[in-house]
2 protein chains.
Amino acid sequence: MKKRKVSVLGSTGSIGRQTLDVLSAFKEDFEVVGLAAGSNVQLLIEQIKEHKPRFVSVKDTELAQELKSTLSDHSIEIFCNDVGLEFISSSACDIVVNGLVGSMGLKPTISALSHGKRVAFANKETLVVAGGLIKNLLKRNKGEIIPLDSEHVAIHQCISGARESEIKRIILTASGGPFRTWKEQDIQKATKEEALKHPTWVMGPKITIDSATLMNKGLEIIEAMVLFELPVGKIDVFIHPQSIVHSAVEFVDGNIIAQLGATDMRLPVQYSLFYPQRRELPFNLFCDLLSVGKLEFEAPDFNKFPCLKLAYHAAKEGKSYPIVLNAANEIAVDMFLKEEIKFGDIPKIISSTMENHKPSEPSSLDEITELDARIRREVSERAKTSKI
Amino acid sequence: MKKRKVSVLGSTGSIGRQTLDVLSAFKEDFEVVGLAAGSNVQLLIEQIKEHKPRFVSVKDTELAQELKSTLSDHSIEIFCNDVGLEFISSSACDIVVNGLVGSMGLKPTISALSHGKRVAFANKETLVVAGGLIKNLLKRNKGEIIPLDSEHVAIHQCISGARESEIKRIILTASGGPFRTWKEQDIQKATKEEALKHPTWVMGPKITIDSATLMNKGLEIIEAMVLFELPVGKIDVFIHPQSIVHSAVEFVDGNIIAQLGATDMRLPVQYSLFYPQRRELPFNLFCDLLSVGKLEFEAPDFNKFPCLKLAYHAAKEGKSYPIVLNAANEIAVDMFLKEEIKFGDIPKIISSTMENHKPSEPSSLDEITELDARIRREVSERAKTSKI
């Protein structure tokens with residue numbers, strides 16, 4: 001069988017490394033044609049040596065130059081910045097695994113879908129800020145999205161092509177993060193170290209903080225609306241501390257179909273590469289339900305986790321609100337990770353940004369990126385002048 | 001839309017009554033054309049008055065006569081016995097709901113499948129004794145089986161047309177019955193009243209006793225082998241006391257898909273009637289996972305429940321062993337319900353019958369029914385002469 005060609009964006013990040021782990025185990029089935037990374041040149045060089053891609057992209061010309069001199073004996077083309085990301089996503093590949101963090105994942109996704117590629121997708125921010133744009137691209141071209149987020153890949157497996165009228169609701173599960181059992185006033189004062197201790201998943205820092213605020217689940221609500229074309233009223237969140245049930249679909253006829261599995265990104269990565277086939281897992285990552293013992297579910301506490309409420313609000317209001325929610329959140333999380341603000345300031349920054357926002361309906365990529373950039377500037381400025 | 005025509009076999013039994021409940025709620029979609037019952041003429045008459053079937057079948061000519069005189073003003077044709085069952089299953093209907101208990105469900109199933117009908121199927125004994133025959137019929141004709149057993153209808157929903165090579169195993173869940181937490185020696189002496197107290201499901205007496213011995217799960221293993229064309233090595237049993245997860249499929253890629261729902265037969269009945277569509281449930285039977293709180297799983301104890309071990313043995317040996325297992329079990333359960341033997345005698349009777357059996361490979365319906373009848377006679381005789 002002909003090998004399928006894969007590009008990995010964000011190859012040195014958490015998703016990227018796990019994707020290359022899976023690809024290493026299936027060298028008979030896939031060829032890595034493109035890698036894109038930020039500034040971790042050391043790891044990127046190792047990845048290039050193992051996977052021998054034809055195209056590589058890094059953050060800027062300086063890093064590109066560094067890479068060129070180190071890899072002078074390899075026949076690869078080296079690009080940098082957005083141009084590189086877009087080229088790699090639209091070049092001679094069949095599948096793009098987009099493991100980029102934040103809204104920088106948007107352009108390469110549009111590029112890949114415009115060229116009819118399969119995009120394996122862990123970049124929920126892209127769907128949050130440009131849901132309408134992406135939906136239109138999917139309708140017009142032959143591209144497809146296979147979600148990599150454990151929740152959405154769960155729903156992708158459970159929904160089985162059902163029509164919206166057959167779906168009562170989808171149930172997104174959330175571990176509840178490190179602060180599930182904390183008191184509201186203690187969560188406000190949580191430190192960076194405490195917020196980075198996720199109980200069940202090992203992930204990058206931005207998504208780990210989003211999991212602690214439950215904004216991650218909030219973004220996933222909006223992501224699910226785009227991916228499965230559902231109204232916000234059909235998307236519920238359940239806290240499920242064991243993170244074994246990754247999500248579920250409840251149908252109008254009373255049947256609930258759920259997906260369960262280990263908490264390891266290599267499972268969704270493998271699923272997305274082989275879909276609609278299922279191939280033997282090369283890792284010892286089968287989920288032993290008997291040793292798990294019990295699975296619990298509880299309703300989320302919106303007072304303890306105001307970010308979830310803000311996300312539902314943005315989802316309901318629609319228009320430019322999801323863009324504002326996401327931009328304000330990215331800036332706030334970044335400031336928290338730099339220890340410039342407190343944990344409890346994150347929802348405050350988002351909330352005040354949304355309150356000050358006059359909604360618009362940006363439809364083109366330019367309009368979206370312009371609004372996104374403006375919101376980020378405003379949030380940063382207001383935060384600096386302590387007008388949180 | 002044209003109404004689909006439904007026949008209900010065993011209409012006055014547990015499955016039959018619940019099927020008519022569902023059909024009453026969907027009079028726009030379905031027309032009841034045939035009803036077959038045993039001897040509960042009182043209830044059958046009520047059902048006839050409500051559903052106005054064209055064909056009715058009862059156990060014998062005497063009951064048929066009684067029915068005729070009572071319903072002289074209704075234009076229905078009344079049959080009796082096997083002939084009636086077969087006619088109703090092959091007459092002008094689209095769907096046969098077979099709610100018959102024990103091996104008497106076999107002939108009408110063959111009749112319906114031969115005529116290319118959909119059979120909604122709660123009669124696992126038929127699949128156990130005539131699995132090969134049924135599989136051949138399904139291959140040759142246009143008929144299809146939609147399982148009504150909660151476990152198999154769960155798998156029907158989870159398996160999504162996957163090939164056998166993609167399936168690592170199916171996990172049949174079992175509540176564990178009333179004796180899950182009992183000591184082995186106490187189970188031996190359990191009374192009829194104790195055995196009939198099922199913790200989660202309300203069902204007929206035979207299947208309730210089978211649930212207490214776990215033979216029900218054993219028969220379901222063989223049923224699953226036939227329905228999903230899987231080897232016994234790919235079928236595991238988990239005890240799940242809450243009976244919310246009705247069964248699951250574990251795929252080779254590490255993903256587990258499970259079906260969850262209320263413990264009420266009207267859900268699988270409705271699913272089987274509308275499949276592949278899903279229609280709004282007219283009963284308040286949605287499963288509230290938040291109020292369930294927790295789901296637990298444990299391995300079954302083969303020493304406490306030797307019937308499960310016997311069923312695995314019959315499934316592995318194949319040939320005529322499943323027929324022997326089923327016949328010996330039906331006789332033993334019948335004797336237990338008549339309080340002629342102890343609870344602990346049920347597996348002993350089955351075990352000694354299997355040990356004495358010289359395996360054959362009956363392939364025709366006649367050979368199967370002949371062997372089935374012979375085993376029943378032998379078991380009854382041996383039990384009467386206390387040679388258990």
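Rules and cut-offs
- Residues numbered from 1 in each chain as written.
- Chains lettered and ligands numbered in written order.
- Predicted model: local features only at pLDDT ≥ 70, side-chain atom pairs only at ≥ 80, totals over all residues.
- Heavy atoms only, no water.
- Pairing = 2+ DSSP bridges.
- Helix = DSSP H or I, 4+ residues; strand = E, 2+ residues; numbered from the N terminus.
- Axes fitted to C-alpha atoms, helices over the stretch in contact; angles between N-to-C directions.
- Contact = heavy atoms within 4.5 Å.
- Salt bridge = Lys/Arg side-chain N within 4 Å of Asp/Glu carboxyl O.
- pLDDT = per-residue confidence, 0-100.
- Least-squares fit on C-alpha atoms with pLDDT ≥ 70 in both.
- Buried < 20%, exposed > 50% of the residue type's maximum accessible area, 1.4 Å probe, protein only.
- Phe/Tyr/Trp six-rings, centres within 6.5 Å; stacked < 30°, edge-to-face > 60°.
- Lys NZ or Arg CZ within 6 Å of the ring centre and 35° of its normal.
- Buried area = accessible area lost by both parts, 1.4 Å probe.
- Domains from an automatic or database assignment.

1. Considering the sheet that holds strand β7 (residues 144-147) of chain B
All names here are of chain B.
Line of reasoning, step 1. The parallel open sheet is built from seven strands, whose spatial order is β4-β3-β2-β1-β5-β6-β7. Since the sheet does not close on itself, it has two edges, and those belong to β4 (77-80) and β7, each with one partner. Strand-to-strand twist across the sheet, computed as the mean angle between neighbouring axes with direction ignored, equals 25 degrees.
Line of reasoning, step 2. Of the strands in this sheet, β1 (4-9), β5 (95-98), β6 (118-121) and β7 are in contact with helix α5 (residues 106-114), which crosses β6 at around 150 degrees.

2. Some details on the sheet that holds strand β5 (residues 95-98) of chain A
All names here are of chain A.
Line of reasoning, step 1. With parallel pairing, seven strands are arranged side by side in an open sheet as β4-β3-β2-β1-β5-β6-β7. For this open sheet the edge positions go to β4 (77-80) and β7 (144-147), each flanked by a neighbour on one side alone. Between one strand and the next, the sheet's axes are offset by a mean angle of 25 degrees, whatever the strand orientation.
Line of reasoning, step 2. As defined by bridge partners, strand β6 (residues 118-121) adjoins β7 across four bridges and the pair is classed as parallel.

3. Here's the deal with the pattern of salt bridges
Line of reasoning, step 1. This model, assessed by the stated rule, comprises 46 salt bridges over all chains.
Line of reasoning, step 2. Arg180(A) is the partner of Glu298(A) in a salt bridge, and the nearest nitrogen-oxygen pair spans 3.4 Å. Highlighted residues: Glu298(A) in the loop between β12 (294-296) and α15 (306-317) and Arg180(A) in the loop between β8 (167-174) and α9 (184-188), separated in sequence by 118 residues.
Line of reasoning, step 3. We note a salt bridge from Arg278(B) to Asp253(A), for which the minimum N-O separation is 3.0 Å.

4. Some remarks on the confidence of the model for chain A
Line of reasoning, step 1. With 98% of its residues at a pLDDT of 70 or more, chain A has an overall mean of 93.
Line of reasoning, step 2. Per the prediction output, this complex has pTM 0.95; the corresponding ipTM is 0.95.

5. Re the environment of Ile341(B)
Line of reasoning, step 1. Tracing the backbone through its elements, the reader meets Ile341(B) in the loop between α16 (321-337) and α17 (345-356).
Line of reasoning, step 2. Residues Ile341(B) and Ala383(B) lie 42 residues apart in sequence; the distance between their C-alpha atoms is 8.8 Å.

6. Examining the relation of the copies chain B and chain A
Line of reasoning, step 1. In the superposition of chain B on chain A (RMSD 0.0 Å, axial shift 0.0 Å), the rotation amounts to 180 degrees. A rotation of that kind, with that shift, is consistent with a two-fold axis.
Line of reasoning, step 2. Mapped onto chain A, 100% of the interface residues of chain B again fall at the interface, so both copies present the same surface.

7. What about unusual backbone geometry?
When glycine is set aside, most residues are seen to have a negative phi, and most peptide bonds are trans.
Residue and element names in this part refer to chain A.
Line of reasoning, step 1. A cis amide bond, omega 5 degrees, links Tyr 275 with the succeeding residue Pro 276.
Line of reasoning, step 2. A positive phi angle, close to 50 degrees, is found at Glu 229, a residue other than glycine.
Line of reasoning, step 3. Its place among the elements puts Glu 229 in the loop between α12 (215-228) and β9 (235-239).
Line of reasoning, step 4. Backbone geometry at Ser 243 places phi at a positive 50 degrees, although glycine is not the residue there.
Line of reasoning, step 5. Mapped onto the elements of the fold, Ser 243 is located in the loop between β9 and β10 (245-251).
Line of reasoning, step 6. Taking the relative accessible area as the measure of exposure, Ser 243 reaches 6% and is therefore buried.

8. Some thoughts on the packing of aromatic side chains
Line of reasoning, step 1. Summed over all chains, the structure comprises 20 aromatic pairs over all chains.
Line of reasoning, step 2. Measuring from centroid to centroid gives 5.1 Å for Phe55(B) and Phe87(B), while their planes differ by 80 degrees, and the two rings are edge-to-face. Taken together, the residues span a long stretch of sequence, with Phe55(B) in strand β3 (residues 55-58) and Phe87(B) in helix α4 (residues 81-90) at a distance of 32 residues.
Line of reasoning, step 3. On the basis of relative accessibility, which here comes to 31%, the residue Phe87(B) falls in the partly exposed class.
Line of reasoning, step 4. Here a set of aromatic residues connected by ring pairs shows up, and it is made of Phe179(A), Trp182(A), Phe336(A) and Phe343(A).
Line of reasoning, step 5. In this arrangement the basic side chain of Arg266(B) is found over the ring face of Phe283(B), its NZ or CZ atom lying 4.5 Å from the centre.
Line of reasoning, step 6. Sitting over the ring of Phe251(A), Arg278(B) keeps its end group 3.9 Å from the ring centre.

9. Describing the interface of chain B and chain A
Line of reasoning, step 1. The partner chain A presents 38 residues to the 38 residues of chain B that form the contact.
Line of reasoning, step 2. Between chain B and chain A, the buried area comes to about 3600 Å², and carbon and sulfur atoms account for 58% of it.
Line of reasoning, step 3. Counting the surface chain B buries against chain A, the share from its top three residues, Asp253(B), Arg278(B) and Leu290(B), is 19%.
Line of reasoning, step 4. Counting across the chain B and chain A interface gives two salt bridges.

10. Focus on the domain arrangement of chain A
All names here are of chain A.
Line of reasoning, step 1. Each domain of chain A was delimited in the assignment, giving domain 1 (4-148) and domain 2 (152-264 + 291-317).
Line of reasoning, step 2. One C-alpha centre belongs to domain 1, the other to domain 2, and the line joining them spans 27 Å.
Line of reasoning, step 3. With 14 residues of domain 1 in contact, the opposing surface of domain 2 contributes 18 residues.
Line of reasoning, step 4. Contact between domain 1 and domain 2 buries roughly 1300 Å² in total, counting both sides, with carbon and sulfur atoms accounting for 68%.
Line of reasoning, step 5. Where domain 1 packs against domain 2, one counts two salt bridges.
Line of reasoning, step 6. Lys 206 is the salt-bridge partner of Glu 125, the closest N and O atoms lying 2.9 Å from each other.

11. Things to note about the environment of Leu148(A)
All names here are of chain A.
Line of reasoning, step 1. Structurally, Leu 148 is set in the loop between β7 and α8 (150-158).
Line of reasoning, step 2. Classification of Leu 148 by relative accessible area gives buried; the value is 0%.
Line of reasoning, step 3. Through-space distance from the C-alpha of Leu 148 to that of Val 33 is 20 Å; in sequence the pair is 115 residues apart.
Line of reasoning, step 4. In this view, Leu 148 contacts Ile 15, Val 97, Ala 120, Phe 121, Ala 122, Val 153, Met 265, Pro 268, Val 269 and Ser 272; residues no more than four positions away in its chain are not counted.

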